[in-house]
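An overview of the molecular structure
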Amino acid sequence: MNEKQQRYEALVHAFHADIYRYAFYLIKDKSIAEDVVQETFLRAWRSLDALKDEKAAKAWLITIVRRENARRFEKKQFDTVDIDTNPVVDDTVFTEQSLQEADMQRLLLMLSEPYREPLILQLLFGYSGDEIATQLNLNKNTVMSRLFRARNQLKELLSKQNGEKGRHNG
């Protein structure tokens, strides 16, 4: 194997799971997230020589994922179907943990984009305020403010949700 291929395989091995997880949080569809991740690593292969600092690889890949996700909407044509003629069967089996994860994901989606993305980068990747600021091209103070507001919005949503559950149960 040549050096480029070894670097690429090490990159895929080290970051594939994290990059897929991030893509899935952005896209919310397994098959599309897989396609975006595949395209991300294809672009990473083509541009691997541009990656000079291996420590920046994860941030570099996240940037590619974000751009690939944005490309999906550049010339998006939505297909429509008649909902009455195409019944959908949901045979999902739910566990307590999957319900809690789905609930948290739903709450995260309720946050506005400026607050959601920094929080996801912090929760999924453990990025610091500085790393998030670099990734999103923002001032660190802006990032910290958005993280604070995102957590407060989540608390409000949780308390509202728990209040509504109590009303329905009581």
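Residues numbered from 1 in each chain as written. Predicted model: local features only at pLDDT ≥ 70, side-chain atom pairs only at ≥ 80, totals over all residues. Heavy atoms only, no water.

As for the overall build of the chain
To be explicit about the condition: In this text, helices come from DSSP runs of H or I with a minimum length of four residues, and strands from runs of E with a minimum of two, each type numbered from the N-terminal end. Type-normalised accessible area, obtained with a 1.4 Å probe on protein chains alone, sets the label of each residue: buried when under 20%, exposed when over 50%, and partly exposed for intermediate values. Any two residues whose heavy atoms approach within 4.5 Å are treated as being in contact. In short, Shrake-Rupley with a 1.4 Å probe defines the accessible areas, and a residue's cover is counted only from the protein chains shown.
Counting secondary structure elements, the chain contains seven helices and zero strands. Taken from N to C terminus, the helices and strands of the chain fall in the order α-α-α-α-α-α-α. When the 170 residues of the chain are sorted by exposure, 30% land in the buried category. For the chain, long-range pairs separated by at least 24 residues make up 67% of all intrachain contacts whose partners lie at least 6 apart in sequence. Just so you have it, the chain exposes about 11,800 Å², and 50% of that area is on carbon and sulfur atoms.

Details of the pattern of salt bridges
Here is the rule we go by: Whenever Lys or Arg places a side-chain nitrogen within 4 Å of a carboxyl oxygen from Asp or Glu, that contact is recorded as a salt bridge.
Scanning the model with the defined rule gives nine salt bridges in all. The salt bridge partner of Arg116 is Glu113, with a shortest N-O separation of 2.6 Å. Taken together, the positions of Arg116 and Glu113, both in helix H5 (residues 113-125) and three residues apart, correspond to about one turn of that helix. When salt bridges with common partners are traced through the structure, they connect Glu39, Arg43, Glu68 and Arg71 into a single cluster.

Focus on unusual backbone geometry
For Lys28, which is not glycine, the phi dihedral falls at a positive 70°. Checked against the element boundaries, Lys28 lands in the loop between helix H1 (3-27) and helix H2 (30-46). Look at Lys28 and you get partly exposed, because its relative accessible area is 27%. Backbone geometry at Asn137 places phi at a positive 55°, although glycine is not the residue there. Inspection of the secondary structure assignment puts Asn137 in the loop between helix H6 (129-136) and helix H7 (140-169).

Some details on the side chain of Asn69
The condition that has to hold: Two N or O atoms count as a polar contact when they lie within 3.5 Å, although within protein this holds only if one can serve as hydrogen donor and the other as acceptor, and sequence-adjacent residues are included solely when both atoms are side-chain atoms.
Mapped onto the elements of the fold, Asn69 is located in helix H3 (residues 57-71). A distance of 2.4 Å separates a polar atom in the side chain of Asn69 from a polar atom in the side chain of Arg72. Those residues in contact with Asn69 that sit more than four places away from it in its chain are Leu26, Ile27 and Val36.

What to know about the confidence of the model for the chain
Going by this rule: Per-residue confidence from the predictor is reported as pLDDT, a score between 0 and 100.
Averaged over every residue, the pLDDT of the chain is 85; the share at 70 or more is 84%. Within the chain, helix H4 (residues 96-110) has the poorest average pLDDT of any element, 77, and H2 the best, 95.

Describing the nonpolar core
One recurring pattern in soluble globular proteins: nonpolar side chains tend to sit buried together. We apply this condition: For the purposes of this section, nonpolar cores are sets of buried Ala, Val, Leu, Ile, Met, Phe, Trp, Tyr and Cys residues that join through side-chain atoms within 4.5 Å.
Counting 38 residues, the largest nonpolar core has Leu11, Ile19, Tyr22, Trp60, Leu61 and Leu121 as its most contacted members. Of all the elements in the fold, those that place two or more residues in this core are H1, H2, H3, H4, H5, H6 and H7. Examining the composition of this core, we find that seven residues originate from one element, H1, more than from any other. Leaving out residues up to four positions away in the same chain, Ile19 has contacts with Val37, Thr40, Phe41, Lys58, Leu61, Ile62 and Val65.

So, H2
To keep things clear, this is the line we draw: Multiply 1.5 Å by the residue count of a helix minus one, and that product is the helix's expected span. Directions pointing from the helix axis toward each C-beta atom define the arc.
The terminal C-alpha atoms of H2, which comprises 17 residues, lie 24 Å apart, in line with the 24 Å expected from a rise of 1.5 Å per residue. For H2, the complete set of buried residues consists of Ala33, Val36, Val37, Thr40, Phe41 and Ala44. Considered in projection along H2, the buried side chains sweep an arc of 135° and stay on one side of the axis. The exposed residues of H2 that point more than 90 degrees off its buried face are Gln38 and Arg46. Lining the buried residues of H2 we find H1 and H3.

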